[in-house]
Amino acid sequence: MALNPAPRVAIPTYGRNLLRGLPEALYERPIVLTQPEPWDLVKDAFPNDRTQVHAVATMEHAVVQQVTASFGGGSAVFGIGGGSALDHAKFTAWKTGLPLVLVPSILSVDAAYTKAIGIREGSRVRYVGAMFPDHFLIDYGILQAADPLLNRAGVGDILSIFTALWDWREAGVRLGEFHDEGVATRSEALLHRMFDGAGEIGRCTEAGLHLLSELYVGEVVLCEMVGNARPEEGSEHYVAYCLEHQTRRHYLHGALVGMGVLLAGAYQGQDVVPVRKFLRDVQLDSSYKAVGTTGDEVRRCLLAMGDYVGQESQLLPGVFHFKGCIGPDDANAVMATAALGD
Ligand SMILES: [Zn+2]
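Within each chain, residues carry numbers counting from 1 in the order of the written sequence. Local features in a predicted model are, by the rule used here, given only for residues with pLDDT of at least 70; side-chain atom pairs are given and counted only at 80 or more, and totals for whole chains, interfaces and linings are based on all residues.

Some thoughts on the nonpolar core
The condition that has to hold: Each nonpolar core comprises buried Ala, Val, Leu, Ile, Met, Phe, Trp, Tyr and Cys residues, the members being joined through C-beta atoms within 7 Å. Burial is judged by counting the other C-beta atoms within 10 Å of a residue's own C-beta: 20 or more makes it buried, 12 or fewer makes it exposed, and any count in between marks it as partly exposed, with every C-beta position built from the backbone. Helix and strand assignments follow DSSP, with helices taken as H or I runs no shorter than four residues and strands as E runs no shorter than two, numbered in order from the N terminus. Segment limits for the domains were obtained from an automatic or database-derived domain assignment. We call two residues in contact if the C-beta atoms placed from their backbones are at most 7 Å apart.
In terms of nonpolar packing, the biggest core is built from 97 residues, with Phe78, Leu263 and Met305 touching the most fellow members. Sort the elements by how many residues they give to this core and helix H12 (residues 253-268) lands first, with 10 residues. Per-domain counts for this core show at least three residues from each of domain 1 (13-144) and domain 2 (148-338). If we skip the residues at most four places from it in the chain, Phe78 touches Pro30, Ile31, Val32, Leu33, Ala89, Val101 and Val103.

Written out as C-alpha cells, the structure reads:
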C-alpha cells in the first residue's frame, strides 16, 4: 500500500465578515443552503431580491435531489450552517457545477473539511461524489455566535486519535495491516497540539477556533494520505455507534466520542488521565449524564461490543476485535477507570 504524499484538501480563509470580501459575481443569483440561526447572522450580505434560500431540514437523498432541482439557475452555491447545510450545499454544487462557498456556523462537524458528500437513505448514511469548496470561510464572528458547546464538541474527532492510533498499531502487529509510523507520529502531534490549546478552545477564542480548524485540516490530510480513517477513527467510535444503535437516540457527537475515548482507552490499557484532564480543561463534559445516557446503558453496550463489531464487518479491527467479548468484570473495571459517573 502506497501513501499519497500530497492529497488535495480544502484550505480555509480565516477572519471576520468574510462573506463581504468575496467576488461580487458570486452574488448575482446566489443559492443558499442554510439554517434559521446562521441565516439570520449573514442575510444582510445577500441581495434579497435575487437570493434563493432553502432551510435544510433533512439530508434524505430524494428530498435533497428535489430541492436541488427546484432552484432556477444560479451564480454560486453557499452552504452556511451545520453539517446538513454544508453537505446539502456540496451536493447541490456537485450536481449543478456552480462555484461552492462553505461557511460552517459551528466546528463540531467536519463536513466542510472532507470532500465526501454525506446523504441519508433511511437510517443509513451514504457517501456520494466529492466536492471541494472554491471558498471556505472560517468566520470567527459566525462561530462565536453559536452555543460554545457546539464548537468545543469539535474536539471529539481529534481526541479520537488517542484510541485510534492504538488500534492501528495493534492491527499492524497482530494482523500485518499496513501501518505508517510517520503518519501515526504526525497524528499524535495533532493530539498534543490540541491538549496544549485546551483553554483557548474551551473559551472559543479566535486562537482556539483557529487551532481547532487547523487540526481538522491536518487530520484530513493524514487520512487522505493513508486512504482510510486509521489515523483518526477507531474503537471509541465503535462504542459510540453501538450505544446509538442500542438506545436509538442521537447524541452530541463530540461528547459521545469523548466518552468513547475514555472507555475504549481504558480497555486498551492506556493511561486515560491526560484525556480526562483535557476534557475538563476544554469544558466538554463527557459523563454519562451529560452525554445523555446512564451507567446501565453503557454497561450493556460494553457487554455487546464483541458481537457488535462482529456484525458490522466494515469496521476496521480494534481493541474489541482483538480482545473479544468483554465480561462483566472487565466492563466494571473499564467503567471504574473511565470514571464517567454511576
Ligand atoms: Zn466522529
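Here we look at the sheet that holds strand S4 (residues 76-81)
As a general point, the strands of a sheet are linked pairwise by backbone hydrogen bonds and lie either parallel or antiparallel. Operational definition: Strands were regarded as paired on the criterion that DSSP finds at least two bridges between them. Note on geometry: axes are C-alpha line fits, over the in-contact stretch for helices, and angles between N-to-C directions span 0 to 180 degrees.
Read across the sheet, 6 strands follow the order S1-S8-S5-S4-S2-S3 without closing on themselves; strand pairing throughout is parallel. Bordering the open sheet on either side are strand S1 (13-15) and strand S3 (52-55), each of which pairs with just one other strand. Geometrically, the sheet is characterised by an average inter-axis angle of 20° between neighbouring strands, direction not taken into account. Contacting strand S2 (30-34), S4 and strand S5 (100-104), helix H3 (residues 83-96) crosses the sheet at an angle of about 170° to S4.

Regarding unusual backbone geometry
Glycine aside, negative phi is the norm for most residues, and most peptide bonds take the trans geometry. Positive phi is not limited to glycine here, since Asn17 has a value of about 50°. The residue Asn17 is located in the loop between S1 and S2 in this model. Assessed through the 13 C-beta atoms surrounding it within 10 Å, Asn17 is described here as partly exposed.

Focus: helix H10 (residues 206-226)
One full turn of an α-helix is made of 3.6 residues, so residues set three or four places apart face in the same direction. How we decide: In this scheme, a helix's expected span is set at 1.5 Å multiplied by one less than its residue total.
In a regular helix each residue adds 1.5 Å, so 21 residues correspond to 30 Å; H10 covers 31 Å between its end C-alpha atoms and thus fits that length. Buried residues in H10 make contact with strand S8 (135-139), helix H4 (140-144), helix H5 (148-152), helix H6 (156-159), helix H8 (181-196) and helix H9 (198-203). Looking at the residues trailing H10, positive phi occurs at Gly227, about 90°.

Looking at the pairing of S5
Of all 5 residues that make up S5, 5 are buried, and the element is covered over most of its length. Two elements, S4 and S5, share 5 bridges in a ladder whose sense is parallel. Pairing of Phe78 across the sheet is with Val101, part of S5. Here S5 pairs with S8 via 2 bridges, running parallel. Note that in S8 the partner of Val101 across the bridge is His135.

Description of the environment of Tyr216
If you trace the backbone, Tyr216 turns up in helix H10. According to the C-beta neighbour criterion, Tyr216 is buried, with 26 such atoms within 10 Å. With 107 residues separating them along the chain, Tyr216 and Val109 place their C-alpha atoms 9.6 Å apart. For Tyr216, the residues in contact, after removing those within four places along its chain, are Asp110 and Tyr113.

Some points on the domain arrangement of the protein chain
Selection criterion: For this classification, Asp, Glu, Lys and Arg are treated as charged, while Ala, Val, Leu, Ile, Met, Phe, Trp, Tyr, Cys and Pro are nonpolar and the rest, including Gly, are polar.
For the protein chain, the assigned domains are domain 1 (13-144) and domain 2 (148-338). The distance between the C-alpha centroids of domain 1 and domain 2 comes to 28 Å. The partner domain 2 presents 16 residues to the 11 residues of domain 1 that form the contact. No other element matches the 3 residues that H4 contributes to the side of domain 1 that touches domain 2. Across the side of domain 1 that touches domain 2, the residue classes tally to 7 nonpolar, 3 polar and 1 charged.

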